[in-house]
Amino acid sequence: MNNYQLTIKADDKQVVLERILQVTRYRGFLINGISAKVNTGTNIGTIELMVSSERSIGLLVDQINKLIDIKEVRVDNSVSQQCIA
Amino acid sequence: MATEKKFTGGDLLFNVLEQHGVEHVFGYPGGAIMPIYDALYESNVEHFLCRHEQGAAFSAVGYARASGKVGVCFATSGPGATNLITGLADALADSIPVVAITGQVATAAMGSDAFQEIDIFGLSLACTKHSFQVTNIDDLAKVLHQAFAIALEGRQGPVLVDIPKDIQLAQVNGCLEHLAKLKNKVKLPPANVGSAIALLSQAKQPILYVGGGVGMANAIDELRSFAQITALPSVSTLKGLGAIDPKDSNYLGMLGMHGTKAANLAVQECDLLIAVGARFDDRVTGKLNEFAPHAKVIHFDIDTAEINKRRAVDAAILGDLKVNLPALAVPLSIAPWQAKCQQMANDYAWDYNHPGETIFAPAVLKEISEQMPKNTCVTTDVGQHQMWAAQHMRFDDPSNFLTSGGMGTMGFGIPAAIGAQVSRPRDCIIAVSGDGSFMMNVQELSTIKRFQLPVKIVLIDNAKLGMVRQWQDLFFNGRLSETDLADNPDFIMLANAFDIKAKTVTEKSQVSAAIAAMFDHQGPYLLRVKINAQDNVWPLVPPNTANDKMMENS
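This one's a predicted model, so the numbers in the text were calculated from it and none came from an experiment. (Residues numbered from 1 in each chain as written. Chains lettered and ligands numbered in written order. Predicted model: local features only at pLDDT ≥ 70, side-chain atom pairs only at ≥ 80, totals over all residues. Heavy atoms only, no water.)

Peer 1: I would appreciate a short explanation of the UniProt feature "domain: Thiamine pyrophosphate enzyme TPP-binding" (unreviewed entry) in chain B in the present structure.
Peer 2: Sites flagged by UniProt as "domain: Thiamine pyrophosphate enzyme TPP-binding" (unreviewed entry) map to residues 381-529 of chain B. Counted over residues 381-529 of chain B, helix gives 38% and strand 16%. Its end C-alpha atoms are 15 Å apart. (UniProt positions renumbered as here; feature names shortened; annotations may be inferred. Helix = DSSP H or I, 4+ residues; strand = E, 2+ residues; numbered from the N terminus.)

Laid out in structure tokens, this is it:
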């Protein structure tokens, strides 16, 4: 099982957080932690998502990037790590 | 900007639809969408009343697929909206541009478990490309423009717009906004043309693997030119059928679970697979880690997320096929491989010899294909008849073969044929169905009657859920479970009840004349073709098996 941390920037639009969570679950990633905040000046939300899966993180990044309101998805390599089960 | 004028939200909806060139919509009214149906009176949009919202959604899908335009459907809140979901899921799986408009209870009542209230916005997340709920009348026009832009941009798909009743009724100081231009959100890396050409030039046994993305990209001419210049042997997915000219001597037919033996063997032997608008679906690949085991892969696609999703690629060519295919069109020196593929095509050609007088469905569908007028559009339902149609009918364009590929939705065929007929009133439209699928949206015969649509229905009747029965026989020790449909209604009486002329054939000798009579009839027609309940679809690659280990009729 691999652990990853994603930092996602998104327009502060309806249900954007639900969309991200739905895609994350459906694509086979377990959500271990989440924090979200919005910059009210720019209306850009920043979501930090800690996930784990046996699948490659690239699969999830590509799927989240397809969501209409997403501006950027970054994998934080300094935090992501492989767990030895 | 148009002239200042007072509109209701409902008026505004139709104004925007007309801005986008929408002439036809499919729907079903109800309480929470009544202001929109009231505004329909003043609109130039023609509404086709379906008899179930699922029928409306599939008609919109069929309309879009047959015409290349956006299909539009309407439903009310609650059950009306939930009935759209299967159609939207189908459109998402097959990348079809559809805009669904749902009524919603008034904003003040939302979240109160009001009558016919459901959170369709929430339900839509998993079955649409995007969705909106409009809670401010000032946002309505912009949202609708965005919905059309999103449905068509990049990899196409369905978009839902949920409009509460008070927003439909609200007055807006109308200034029709200009059409939204959606910026291309995903920046694609430059096409990796150099490495792809190197792979092509080194390959001794390359295969062109064509998917539904070619038709969606309107890149048929570019694909055929690419196939002609390279003279690549080619295979097609279910949704790609029609993209390659079926008369092309290098074309080997459909690959995958019910693909031709030549197509599957060639793919298993190839050393380079050039996937074009295809996504390595499990029905195509069989056992994934044994699919095309010797092949390097060049993958053309518009969707970054399809690259390396199920098969690692050696060169990805992302972007518009119309631009990218010509860049790789170079003559190849692969004559021995071409000859081998053509030999396999000859050796494993379909055998239509079928002893006895019972009707052989593949031969019937082949004959219909040979008799049907040019530009005929065929829809199917899902099951054995669908695979026989894919195997034995010939299509010269993907927009002439509409089948539920990704979702595999029974009940697709009749309403999709309605949508296709509305979009192409001068073309012949044939719905090939099975007796199980036919009953799933049989109420849409009423839509055919209401609008006097000359849809031809070919009902392949084995009084079974044939494909499930086939799998139960082959893989569940013949333990047949809930697949017997011997109590089907009298389909001829049923068709006649909707003023649809109908005929049954039970013997081979009746088939040719019956097909000719169907085509000669000016209005809608149902031809019921009674077949042996034990007939199977061959070849068949069993689940989790490599494609060269197919089962054949023996």
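Moving on from the coordinates now.
Peer 1: Quick question: what am I supposed to make of the domain arrangement of chain B here?
Peer 2: Many authors give the size of an interface as the accessible area that is lost as the parts come together. Residues and elements named next belong to chain B. Along its sequence, chain B is carved into domain 1 (5-174), domain 2 (193-347) and domain 3 (361-530). Centre-to-centre separation of domain 1 and domain 2, based on C-alpha positions: 37 Å. Of the residues lining the interface, 9 residues belong to domain 1; the matching set on domain 2 comes to 6 residues. Counting the surface lost from both domain 1 and domain 2, the interface buries some 560 Å², and carbon and sulfur atoms represent 53% of this. (Domains from an automatic or database assignment. Contact = heavy atoms within 4.5 Å. Buried area = accessible area lost by both parts, 1.4 Å probe.)

Peer 1: Please explain the sheet that holds strand S3 (residues 46-49) of chain B as it appears in this structure.
Peer 2: By way of backbone hydrogen bonds, the strands of a sheet pair with one another, either parallel or antiparallel. All names here are of chain B. Pairing is parallel across the open sheet formed by 6 strands, whose spatial order is S3-S2-S4-S5-S7-S6. Whereas interior strands pair on both sides, the edge strands pair on one side only; in this sheet they are S3 and strand S6 (130-133). Strand-to-strand, the axes of this sheet are offset by a mean angle of 20 degrees, without reference to chain direction. The strands touched by helix H1 (residues 9-19) are strand S2 (24-27), strand S4 (71-75) and strand S5 (98-104); relative to S4, the strand with the most contacts, the crossing angle is about 165 degrees. (Pairing = 2+ DSSP bridges. Axes fitted to C-alpha atoms, helices over the stretch in contact; angles between N-to-C directions.)

Peer 1: It is not clear to me how a nonpolar patch on the surface should be interpreted in this structure. Could you clarify?
Peer 2: Residues and elements named next belong to chain A. Residues Leu17, Ile31 and Ile34 make up a contiguous nonpolar surface patch of about 210 Å² in total accessible area. Along the chain, Ile31 turns up in strand S2 (residues 30-39). What makes Ile31 partly exposed here is its relative accessible area of 33%. (Patch = residues over 30% accessible without salt bridge, like charges linked within 9 Å, V, L, I, M, F, W, Y side chains within 5 Å. Areas by Shrake-Rupley, 256 points an atom, 1.4 Å probe, with all protein chains shown as cover. Salt bridge = Lys/Arg side-chain N within 4 Å of Asp/Glu carboxyl O. Buried < 20%, exposed > 50% of the residue type's maximum accessible area, 1.4 Å probe, protein only.)

Peer 1: I would appreciate a short explanation of the interface of chain A and chain B in the present structure.
Peer 2: Chain A puts 14 residues into the contact, and the matching count from chain B is 17 residues. For chain A, the biggest contributors to the area lost against chain B are A:Gln14, A:Arg19 and A:Ile68; these three give 42% of the whole. As a salt-bridge pair, A:Lys66 and B:Asp303 come within 2.6 Å of each other at their nearest N and O atoms. Taken together, the connections running from chain A to chain B amount to 3 residue pairs in polar contact (both at pLDDT 80 or more). When residues of the side of chain A that touches chain B are traced back to their parent elements, those giving at least two are helix H1 (16-26) and helix H2 (57-66) of chain A. Looking at the side of chain A that touches chain B element by element, the count peaks at 5 residues for H2(A). (Polar contact = N/O pair within 3.5 Å; in protein donor to acceptor, adjacent residues only side chain to side chain.)

Peer 1: Would you explain the packing of helix H11 (residues 261-269) of chain B against helix H14 (residues 335-347) of chain B in this entry?
Peer 2: Two measures define how a pair of helices packs: the angle their axes make with one another and the distance between the axes. Residue and element names in this part refer to chain B. Viewed as axis vectors pointing N to C, H11 and H14 meet at an angle of 150 degrees, and their least axial separation amounts to 9 Å. For the element pair H11 / H14, the angle class is roughly antiparallel. As for the relative orientation of H11 and H14, their crossing is right-handed in sense. Residue-level contacts link Ala262, Leu265, Ala266 and Glu269 of H11 to Trp337, Lys340, Cys341, Met344 and Ala345 of H14. (Parallel < 35°, antiparallel > 145°, perpendicular 65-115°, else oblique. Left-handed = near helix turned anticlockwise from the far one by under 90°.)

Peer 1: Sorry, what's going on with the packing of aromatic side chains here?
Peer 2: The geometry of an aromatic ring pair comes down to the distance between the two centres and the angle between the two planes. Residue and element names in this part refer to chain B. Taken as a whole, this structure holds 14 aromatic pairs over all chains when the rule is applied. Where Phe14 meets Phe74, the ring centres are 5.8 Å apart and the plane angle is 70 degrees; that geometry is what we call edge-to-face. In this pair, Phe14 sits in helix H1 while Phe74 sits in strand S4, placing the two residues 60 residues apart along the sequence. A ring pair is formed by Phe26 and Tyr63, whose centres lie 5.7 Å apart and whose planes are at 65 degrees; its orientation type is edge-to-face. Residue Phe26 is found in strand S2, and its partner Tyr63 is found in helix H3 (residues 53-67); the two are separated by 37 residues along the sequence. Taken together through their ring pairs, the aromatic side chains of Phe26, Phe48, Tyr63 and Phe451 make up a single cluster. (Phe/Tyr/Trp six-rings, centres within 6.5 Å; stacked < 30°, edge-to-face > 60°.)

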